[in-house]
Amino acid sequence: MSESAANQASGLLAWYAAMGVDEAIGDAPVDRFAQSAAPPPPKNSAKSAPRNAPRNAPKTPPKTPPKARHAAPAPAPANAAAPALDGIKTLAELAEAVAVFEGCPLKRTAKTTCFARGSEEAKLMLIGEAPGRDEDLQGKPFVGRAGKLLDKMLAAIGLDETSVYITNTIYWRPPGNRTPTPQEIGSCAPFLARQIELLEPEVIVLLGGAAAKSMLETTEGIMRLRGKWKLYHAKERDIPMLATLHPAYLLRSPEAKRHAWRDLLVLKARLDKLP
């Protein structure tokens, strides 16, 4: 292989890895375009029936009643993992439970589990959307470019990793950094709920539209949700929640930083009132 061909192959593999294509699913490539262009198999019709078959032969009744064959499977409970989590008493135990959980398909394509980073004694909890490429490699949330910007935002109001606790609505990177589906978020929701109960934060900040819509159970956009206090019900406690713009969005749209700064000032005013 020539040097230029090797460089092209290396660049292609790097692009595949960045897009989340990091697992072979077959020994040989399959040309789906050729398959779709192939003529469909002949349909069964009366003309293909044997010539000596009686015209008015009775039809054989189906072995399974039609209703039974077309019945949809019973839906799984929304919080199927929740009952098993009541016995977990520490965040370390919860992290171990998440690490062995196989109910989220994203785990099969991710390299690591990104549970959390920060202080388990923190009064402020920040919840983002999902891990990205850097997070997937390091096993911690918000450690890439967006994470560095988040650290600067927190430092602007006198906070750092020793005074906050950071996690995401899901613990595994979606392929290609796509937005997680409601089903994927729902599979992790019982763990996140238990994570909030065990941490017992005084304030929760939701980073970005996906986290805000999931936690607030709404379809409104982040620009309508940001900067407004809501309540999260954690067993017998009501925890104030504030939605703001995701740092990754601020990297793409620097002009929106003025909105995030206003949200930070609202957050700081609330934290200053805590005992």
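Just so you know, these numbers come straight off a predicted model, no measurement behind them. Sequence positions are assigned chain by chain, starting from 1 and proceeding in written order. Confidence filtering applies because this is a predicted model: local features only for residues at pLDDT of at least 70, side-chain atom pairs given and counted only at 80 or more, and all residues used for totals across whole chains, interfaces and linings. To get the side-chain values, all heavy atoms of the structure are used, and hydrogens and water are removed first.

Caption draft 1: View of the confidence of the model for the chain. A residue's pLDDT is the confidence the predictor assigns to it, expressed on a 0 to 100 scale. Averaged over the chain, the pLDDT score is 84; the fraction of residues at 70 or greater is 73%. Note that pLDDT drops below 50 for residues 45-50; the model gives that stretch 0 contacts with residues more than four away or on any other chain. Between residues 64-83, whose pLDDT stays under 50, and residues either more than four places distant or in other chains, the model counts 8 contacts. Residue contacts follow a heavy-atom distance rule, with two residues in contact if any of their heavy atoms lie within 4.5 Å.

Caption draft 2: The environment of Cys104, seen in detail. Secondary structure is summarised from DSSP: a helix means a run of H or I of at least four residues, a strand means a run of E of at least two, and numbering begins at the N terminus for each. The topology assignment puts Cys104 in the loop between helix 5 (91-99) and strand 1 (117-118). Considered as a pair, Cys104 and Ser187 are 83 residues apart in the sequence and their alpha carbons are 5.9 Å apart. If sequence neighbours within four positions are ignored, Cys104 has contacts with Trp172, Glu184, Ser187 and Cys188.

Caption draft 3: Molecular detail of the sheet that holds strand 5 (residues 229-234). Spatially, 1-3-2-4-6-5 is the arrangement adopted by the 6 strands of the open sheet, whose pairing is mixed. Here the strands that pair on one side only, and so sit at the sheet edges, are strand 1 and strand 5. Packed onto the sheet, helix 8 (residues 182-199) meets strand 2 (124-128), strand 3 (164-168), strand 4 (203-207), strand 5 and strand 6 (237-244) and runs at close to 165° relative to strand 2. A pair of strands is labelled paired if DSSP reports no fewer than 2 bridges between them. To obtain each axis, a line is fitted to C-alpha atoms, and for helices this fit is confined to the stretch in contact; angles are then taken between N-to-C directions over 0 to 180 degrees.

Caption draft 4: Quick peek at the packing of aromatic side chains. Centre distance within 6.5 Å is the pairing criterion for rings of Phe, Tyr and Trp, where only the six-membered ring of Trp is used; planes under 30 degrees apart are then read as stacked, over 60 as edge-to-face, and the remainder as tilted. Throughout the structure, instances matching the rule amount to 3 aromatic pairs. For the ring pair Phe115 and Tyr171, a centre distance of 5.7 Å and an interplane angle of 20° mean the geometry is stacked. Here Phe115 is found in the loop between helix 5 and strand 1, whereas its partner Tyr171 is found in the loop between strand 3 and helix 8, with 56 residues between them in sequence. The two residues Phe115 and Tyr171 agree in class, both being buried. Exposed residues in this analysis have more than 50% of their type's maximum accessible area, buried residues have under 20%, and partly exposed residues fall in between, with area computed by a 1.4 Å probe over protein chains only. Under the relative-accessibility criterion, Tyr171 is labelled buried at 0%. Put simply, the rings of Phe115, Tyr171 and Trp172 pair up and form one aromatic cluster. Think of it as a cone above the ring: NZ of Lys or CZ of Arg counts as a charge over the ring if it is within 6 Å of the ring centre and within 35 degrees of the ring normal. Sitting over the ring of Trp229, Arg270 keeps its end group 4.7 Å from the ring centre.

Caption draft 5: Region of the structure containing helix 7 (residues 145-155). Those residues of helix 7 lying buried are Ala146, Gly147, Leu149, Leu150, Met153 and Leu154. Viewed along the axis of helix 7, the buried residues span an arc of 160°, placing them on a single side of the element. In helix 7, the exposed positions angled more than 90 degrees off the buried face are occupied by Arg145, Lys148 and Lys152. For helix 7, the elements touching its buried residues are strand 1, strand 2, strand 3, strand 4, helix 11 (247-252) and helix 12 (257-272). By definition, the arc is the one covered by directions from the helix axis to the C-beta atoms.

Caption draft 6: Representation of unusual backbone geometry. Not every positive phi belongs to a glycine, and Glu200 is a case in point at roughly 55°. For Glu200, the location among the structural elements is in the loop between helix 8 and strand 4. Phi is positive for Lys235, close to 55°, though the residue is something other than glycine. Following the sequence through the fold, Lys235 ends up in the loop between strand 5 and strand 6.

Caption draft 7: Representation of the pairing of strand 2 within the structure. Most of strand 2 sits inside the fold, with 5 of its 5 residues counted as buried. In this structure, strand 2 lies alongside strand 3, joined through 5 bridges in parallel fashion. If you follow Leu126 over to strand 3, its bridge partner there is Ile166. By the bridge criterion, 4 bridges tie strand 2 to strand 4 in an arrangement that is parallel. In the strand pairing of strand 4, Leu126 is matched with Val205.

Caption draft 8: Looking closely at the pattern of salt bridges. One side-chain nitrogen of Lys or Arg within 4 Å of one carboxyl oxygen of Asp or Glu is enough to make a salt bridge. For the structure on display, the rule yields 8 salt bridges. The closest approach of N and O atoms between Glu184 and Arg178, which form a salt bridge, is 2.7 Å. With relative accessibility at 6%, the residue Glu184 sits in the buried group. For Arg178, a relative accessible area of 33% puts it in the partly exposed group.

Caption draft 9: Molecular detail of the packing of helix 5 against helix 8. Contact geometry of helix 5 with helix 8 gives a least axis separation of 10 Å together with a crossing angle of 170°. As summarised for this structure, helix 5 and helix 8 are arranged roughly antiparallel, according to the angle between their axes. Contacts between helix 5 and helix 8 involve Leu91, Leu94, Ala97 and Val98 from the former and Phe191, Arg194, Gln195, Leu198 and Leu199 from the latter. Asp, Glu, Lys and Arg are counted as charged, while Ala, Val, Leu, Ile, Met, Phe, Trp, Tyr, Cys and Pro are counted as nonpolar; the rest, among them Gly, fall into the polar class. Looking at the contact of helix 5 with helix 8 residue by residue, the classes come out as 7 nonpolar, 1 polar and 1 charged. We call two directions roughly parallel when the angle between them is under 35 degrees, roughly antiparallel when it is over 145, roughly perpendicular when it lies between 65 and 115, and oblique otherwise.

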